[in-house]
Amino acid sequence: MNSRITYIALILIVLTSLSCRKDVSIPVDCCSNPNQVSCSGMTYNNFSTDDFEQIIKPVDNPGAVIGPFIFDNFKYSVGGAIMSPTDPYLIAYGKSDSGSTSITGELWTFDFCDGKSELVTTNAIDRLDWSTKNWLLYTGTGYEVYKVKSNGDSLTQLTNGSGTQLAGKWSPDGTKFWVEGQDAFKILDENGSSIIEYPGLPNFDAIDWLDNEHLLIVDYNTDIFSSFNFLTSDIVQLSGGPICHSCQKIYDSKNQRVFVGQENGGGGFDWYIFNLENGSSSVIENLDASFHYYAGDYVEKTDKLSLVLRRMEWKDSVQNEIYSRDDLLIMNPDGSGKRLVQLPH
């Protein structure tokens, strides 16, 4: 009898754990576990400086200009955040000590379904991508490229280049990725072996993979979105321009369009959708000059756009104090359904 009860209990536990993920088409509900995640509507234009922690206090050297006092609502700041390409409720993000001088930080995952955060690795610096084979790709210690499973297993250094090696993105099938190296632009297989290399810096800005053989780029010769066949080096123009080199660019593989974040005249950011087929564009979000950091990701499985917002405000010029906070903005590709999420710190 006891064994039967135990068996039934195990089935109920399994069904309960799967219920949150039973329909991957359900949009991420960032408020489904309010005890773990702080979430709100679009209220970031009303910015409170209450209960912030002072993280940087300049040294008062005689005759030196005293820099601003920096306060944050958490001891740690959030770097790039990316959603899993296979699990709509799982997100990975970088985290670093706001007051530390170290260039390396941590990679964490957060599960919207059960509210749990898990440390993945502690040697991350920049550039984060997630493959369909569950490998996280990033630039880490020594400015080399690494991969690691999302549970922290099988940490592997993939490059040993000359100078800085910046991680690119995984191909759709997860078998290769690109690296923007100081010595060459490279396409490597999933184990780090070279497929093809282009010595020196490329004359384009690589954005994402159009398919397993073609990269979406902005050609510096024309400033136009183009397709680059890495095997033949052929470049085919996709749409009109010009597109600025320094703009944030996020590819929407489902609808063949690109989200472009560009500084506006007021010092803030306009995010707009750029259609690759006809070159049309429309603004979906406008942010003022308070936002100093803005990076993002699009995942086809959830049809969601996620953007990391860092907002910095002067309390007043006399007190010389800056207040900073990081939030994750999740929204639909058309700009609707906005949610702000404060990731666990």
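Residues numbered from 1 in each chain as written. Predicted model: local features only at pLDDT ≥ 70, side-chain atom pairs only at ≥ 80, totals over all residues. Heavy atoms only, no water.

**Here we look at the packing of aromatic side chains**
What counts here: Pairing of aromatic rings covers Phe, Tyr and Trp, the last through its six-membered ring, and needs centres within 6.5 Å; plane angles under 30 degrees mean stacked, over 60 mean edge-to-face, and all others mean tilted. Secondary structure is summarised from DSSP: a helix means a run of H or I of at least four residues, a strand means a run of E of at least two, and numbering begins at the N terminus for each. The cut-offs for exposure are 20% and 50% of the maximum accessible area for each residue type, with area from a 1.4 Å probe on protein chains only; residues under the lower value are buried, those over the upper are exposed, and the others partly exposed. Lysine NZ or arginine CZ positioned within 6 Å of the ring centre and within 35 degrees of the ring normal marks a charge as sitting over the ring.
Under the defined criterion, the tally for this structure stands at nine aromatic pairs. Judged by centre distance (5.3 Å) and plane angle (80 degrees), the ring pair of F185 and F204 falls under edge-to-face. You can see F185 sitting in strand β13 (residues 184-189) and its partner F204 sitting in strand β15 (residues 204-209), a full 19 residues away along the chain. F204 shares its class with F185; the two are buried. Relative to F228, the ring of F204 lies with its centre 4.9 Å away and its plane at 40 degrees, an arrangement referred to as tilted. Of this pair, F204 sits in strand β15 while F228 sits in strand β17 (residues 224-229), and the two are 24 residues apart along the sequence. By relative accessible area, F228 is classed as buried at 3%. A connected cluster of aromatic rings, assembled from ring pairs, spans F185, Y198, F204 and F228. The ring of W135 is capped by K147, whose NZ or CZ atom sits 4.0 Å from the centre of that ring.

**Remarks on the sheet that holds β13**
For clarity, the threshold we go by: Each pair of strands is called paired provided DSSP finds at least two bridges between the two strands. Structural elements are reduced to axes, namely lines fitted to C-alpha atoms, with helices fitted over the stretch in contact, and the angle between N-to-C directions of any two is expressed from 0 to 180 degrees.
With antiparallel pairing, four strands are arranged side by side in an open sheet as β11-β12-β13-β14. Two strands bound the open sheet, and with one partner strand each, they are β11 (165-170) and β14 (194-199). With strand direction ignored, the average angle separating the axes of adjacent strands in the sheet is 20 degrees. Direction of pairing for β13 relative to β14: antiparallel, over a ladder of five bridges. Residue F185 lies in a different strand from β14, and its bridge partner there is Y198.

**Quick notes on the environment of E180**
Stated precisely, the cut-off is as follows: The contact definition used throughout considers only heavy atoms, calling two residues in contact when any of these lie within 4.5 Å. Between N or O atoms, a polar contact is any pair within 3.5 Å; within protein, one atom must be a potential hydrogen donor and the other a potential acceptor, and residues adjacent in sequence are included only when both atoms are from side chains.
Looking at the element boundaries, E180 is found in strand β12 (residues 176-181). Placed 15 residues apart in sequence, E180 and Q165 show a C-alpha to C-alpha distance of 5.9 Å. Those residues within four positions of E180 in sequence are excluded, and the remaining contacts are R127, T164, Q165, L166, F185 and A206. At 3.3 Å, the side chain of E180 and the side chain of W178 are in polar contact.

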